[in-house]
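Chain and residue survey
Residue-level listing of the chains:
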Amino acid sequence: MENKNLQIATFGGGCFWCTEAVFQELKGVEKVESGYSGGNAPGYPTYREICSGLTGHAEVVQITFDANIISYEDILVIFMTTHDPTTLNKQGADVGTQYRSVIYYHDENQKEIAEKVVEEVAEYYDNPIVTEISPLKIFYKAEDYHQDYYRNNKEQGYCSFVIMPKLSKLRKLYGDRLK
């Protein structure tokens, strides 16, 4: 029987369909769920409410990973290099606070690692990193049709034109980390 050291990470890097597709490719990642975090509106938010920009939530993914195979630090480096952490409330054509770059930490150790990684990768970008680092308060799982979106909709235009280039970049930079 495998000795698993399962941990959870929660990130927002623009559209959760893109971020989910990236992390589903990695060795050691057991599960990736798309959802919402960081808002102030009461109750369980819906996609329509999130898209209004009025709830304050970000589209995020919650990643369950085996730290014996891939570390939190490695997951953060991959996160910070597979989306643009220098654009405020924007990833590509997706604009709004729901598309912000954010790391929601689960404990003080994750916070310290996140701060360190952000500082280390900053030198590789021409513009300042605007990624928010905040404590996770609550994660709301998104509606079922958002889960495994890329795997279930590869023929969609968004998947071809937005997600595929991110996956190509992942494969080029981190081919040794893929399942």
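Look up a bit, the structure's there.
Residues numbered from 1 in each chain as written. Predicted model: local features only at pLDDT ≥ 70, side-chain atom pairs only at ≥ 80, totals over all residues. Heavy atoms only, no water.

1. Section: the overall build of the chain
When helices and strands are tallied, the chain shows six helices and eight strands. The N-to-C order of helical and strand elements in the chain reads β-α-β-α-β-α-β-β-β-α-β-β-α-α. By the compact-globule yardstick of 16 Å for 179 residues, the chain fits well, its C-alpha radius of gyration being 15 Å. Reported as C-alpha extents along the three principal axes, the dimensions of the chain are approximately 40 × 40 × 40 Å. Evaluated residue by residue, the chain yields a buried proportion of 47% over its 179 residues. Counted over contacts in the chain with a minimum sequence separation of 6, partners at least 24 positions apart contribute 78%. (Helix = DSSP H or I, 4+ residues; strand = E, 2+ residues; numbered from the N terminus. Rg over C-alpha atoms; globule rule 2.2 N^0.38 Å. Buried < 20%, exposed > 50% of the residue type's maximum accessible area, 1.4 Å probe, protein only. Contact = heavy atoms within 4.5 Å.)

2. What about unusual backbone geometry?
Positive phi, close to 55 degrees, is recorded for N89, a residue that is not glycine. Along the polypeptide, N89 turns up in the loop between α3 (72-81) and β4 (90-91). Positioned with a positive phi, D148 is a non-glycine residue whose angle comes to about 55 degrees. Along the chain, D148 falls in the loop between β8 (139-141) and α5 (149-152). We classify D148 as partly exposed; its relative accessible area is 29%.

3. Overview of helix α1 (residues 16-24)
The buried count for α1 comes to nine of nine residues, which makes it a mostly enclosed element. Where α1 is concerned, the buried positions are F16, W17, C18, T19, E20, A21, V22, F23 and Q24.

4. Some remarks on the packing of aromatic side chains
Per the stated rule, a full pass over the model turns up nine aromatic pairs. Aromatic pair F11 and Y72: ring centres 6.2 Å apart, planes at 35 degrees, arrangement tilted. Within this pair, whereas F11 is found in strand β1 (residues 6-13), its partner Y72 is found in helix α3, the two being separated by 61 residues in sequence. Take F11 and Y72: they sit in the same class, and that class is buried. The rings of F11, F23, F65, Y72 and F79 are connected pair by pair, giving a single aromatic cluster. (Phe/Tyr/Trp six-rings, centres within 6.5 Å; stacked < 30°, edge-to-face > 60°.)

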